[in-house]
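Working through the structure, step by step
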Amino acid sequence: MMLETTFSYADIEYFLLILARVASFVVVAPFFSMSNTPRNVRIGLSFFVSVLLYQALPHQEMIYGTLVGYTVIILKEVITGLLIGFAANLCSTVVTFAGQIADMEMGLSMASLMDPATKQNSSITGIYYNYMILLMLMISGMDKYLLKALAETYILIPVNGAVFRRDALFSSLVGFLSDYIVIGFRICLPIFAVMIILNAVLGVLAKVSPQLNMFAVGIQMKVLVGLSILFLSTFMLPGAAGFIYSQMKSMVSTFVEVMMQ
């Protein structure tokens, strides 16, 4: 028994529009955009998710007269997917900012490593925070939420239905940047607070006994105390991951609402 399927050029064109948004989202979104994720996996995920969405969504008749009109629709879908993925990825970069602050206080700011996930130089604490937060977000099902949110965008923003309001997008981005700094300081607050106390103690000791080389002693004490507080404060990371989780949901929802008609 053979399985026969028929489709028209309109079906292929509509499927390519769905694939454009899904593929652009996968390229930018956290978890899926990491460089240690095989390229074939990302391509296969984009294709099969597009197939499922093509079967589930009601087909819309695209009205365009020329190839240029179809290209414009594809570009709109690509930008829509990139903005949704960027909104989610922007929240996941907070941990790198927190790690840079912590390393600056501990004296490890010059010890940078090549992060294989992003192919960028990152601080030691930033890489530690990044992998711990990503692990907790994956355990909490954040990757499934992102795919579900992408599927629901086709209900709120149909194919060729996105409206790009630059002022609203810019205001949403600026509003998040204030929370960006607050979230970063909340993650590294234990190390930041202990380092301030340690600097005060070292300042008092420098006045009490000027013959001691507080510069050499302070570097060793900052690294030792900072690493100790880093591991002792690991139990606080689930709370930080939950806060980033909620901010990621809020940011994705805000971007989708701005692009709705």
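Above this text you will find the structure in question.
This write-up is about the structure you can find in this document.

Thresholds, definitions, all that
Counting of residues starts from 1 at the beginning of each chain's written sequence and follows it residue by residue. Per-residue local features of the predicted model are confined to residues with pLDDT of at least 70, and side-chain atom pairs are confined, for both listing and counting, to 80 or more; whole-chain, interface and lining totals are unaffected and use all residues. Excluding hydrogens and water, the side-chain values take into account all heavy atoms of the structure. Note on patches: the residues involved have over 30% relative accessible area and no salt bridge, like charges join within 9 Å, and the nonpolar side chains Val, Leu, Ile, Met, Phe, Trp and Tyr join within 5 Å. The Shrake-Rupley method, run with a 1.4 Å probe, gives the accessible areas here. Residue values count only the displayed protein chains as cover. A pairing counts as a salt bridge when a side-chain nitrogen of Lys or Arg comes within 4 Å of a carboxyl oxygen of Asp or Glu. Secondary structure elements follow DSSP: runs of H or I of four or more residues count as helices, runs of E of two or more count as strands, with numbering from the N terminus. Axis definition: a line fit to C-alpha positions, over the contact stretch in the case of helices; interaxial angles, taken between N-to-C directions, run 0 to 180 degrees. Here roughly perpendicular refers to angles of 65 to 115 degrees, roughly parallel to angles under 35, roughly antiparallel to angles over 145, and oblique to all remaining angles. By the convention used here, residues are in contact when the closest approach between their heavy atoms is within 4.5 Å. Under the scheme applied here, ten amino acids are nonpolar (Ala, Val, Leu, Ile, Met, Phe, Trp, Tyr, Cys and Pro), four are charged (Asp, Glu, Lys and Arg), and all others, including Gly, are polar. Working rule for helices: expected span equals 1.5 Å times residues minus one. For the exposure calls, accessible area comes from a 1.4 Å probe over protein chains only, and a residue counts as buried if that area is under 20% of its type's maximum, exposed if over 50%, partly exposed in between. Definition used in this section: a nonpolar core is a set of buried Ala, Val, Leu, Ile, Met, Phe, Trp, Tyr and Cys residues joined via side-chain atoms within 4.5 Å. It is the directions from the helix axis to the C-beta atoms whose arc is reported. Pairing of aromatic rings covers Phe, Tyr and the six-membered ring of Trp, with a centre-to-centre limit of 6.5 Å; geometry is then stacked below 30 degrees between planes, edge-to-face above 60, and tilted otherwise.

1. Structural notes on a nonpolar patch on the surface
Side chains of Y9, I12 and L16 sit close together on the surface and give an oily, nonpolar patch of about 330 Å² of accessible area. If you trace the backbone, Y9 turns up in helix α1 (residues 9-28).

2. A look at the packing of helix α7 (residues 166-187) against helix α10 (residues 237-259)
Direction vectors running N to C along α7 and α10 enclose 175°, while the axes themselves pass 11 Å from each other. Considering their axes alone, α7 and α10 lie roughly antiparallel with respect to each other. From α7, A168, L169, S172, L173, F176, D179, I183, R186 and I187 reach across to α10, where they touch A240, F243, I244, Q247, M251, T254, F255 and V258. When its residues are assigned to classes, the contact of α7 with α10 shows twelve nonpolar, three polar and two charged.

3. Structural notes on helix α5 (residues 124-139)
End to end, α5 covers 23 Å across 16 residues, agreeing with the expected 22 Å (1.5 Å per residue, within 8%). If you check which residues of α5 are buried, you get T125, G126, I127, Y129, N130, I133, L134 and L137. Directly after α5, the chain includes G141, whose backbone phi takes a positive value near 85°.

4. Here we look at the nonpolar core
One recurring pattern in soluble globular proteins is that nonpolar side chains are buried together. Judged by nonpolar contacts, the single largest core of 66 residues is most densely connected at I18, L137, I187 and I244. Here this core gets twelve residues from one element, more than from any other, and that element is α10. If we skip the residues at most four places from it in the chain, I187 touches V94, V95, A98, Y129, A240 and I244.

5. Some details on helix α8 (residues 189-208)
Under the 1.5 Å per step criterion, the end-to-end length of α8 is 29 Å for 20 residues, consistent within 8% with the ideal 28 Å. Buried within α8 we find P190, I191, M195, L198 and L202. Projected onto a plane normal to the axis of α8, the buried residues spread over an arc of 115° and lie on a single side. Counted as exposed and oriented over 90 degrees from the buried face of α8: I197, V204, K207 and V208.

6. A word on the packing of aromatic side chains
By the definition in use, this model includes six aromatic pairs. Ring geometry for Y14 and Y54: centres 6.3 Å apart, planes at 50°, overall tilted. With a gap of 40 residues between them, Y14 in helix α1 and Y54 in helix α2 (residues 39-56) connect regions that are remote in the sequence. The exposure class assigned to Y14 is buried, which follows from its relative accessible area of 4%. Overall, Y54 belongs to the buried group, its relative accessible area being 14%. On the numbers, 5.5 Å between centres and 80° between planes, the contact of F47 with F48 is edge-to-face. Among the aromatic side chains, those forming a connected cluster through ring pairs are Y14, F15, F47, F48 and Y54.

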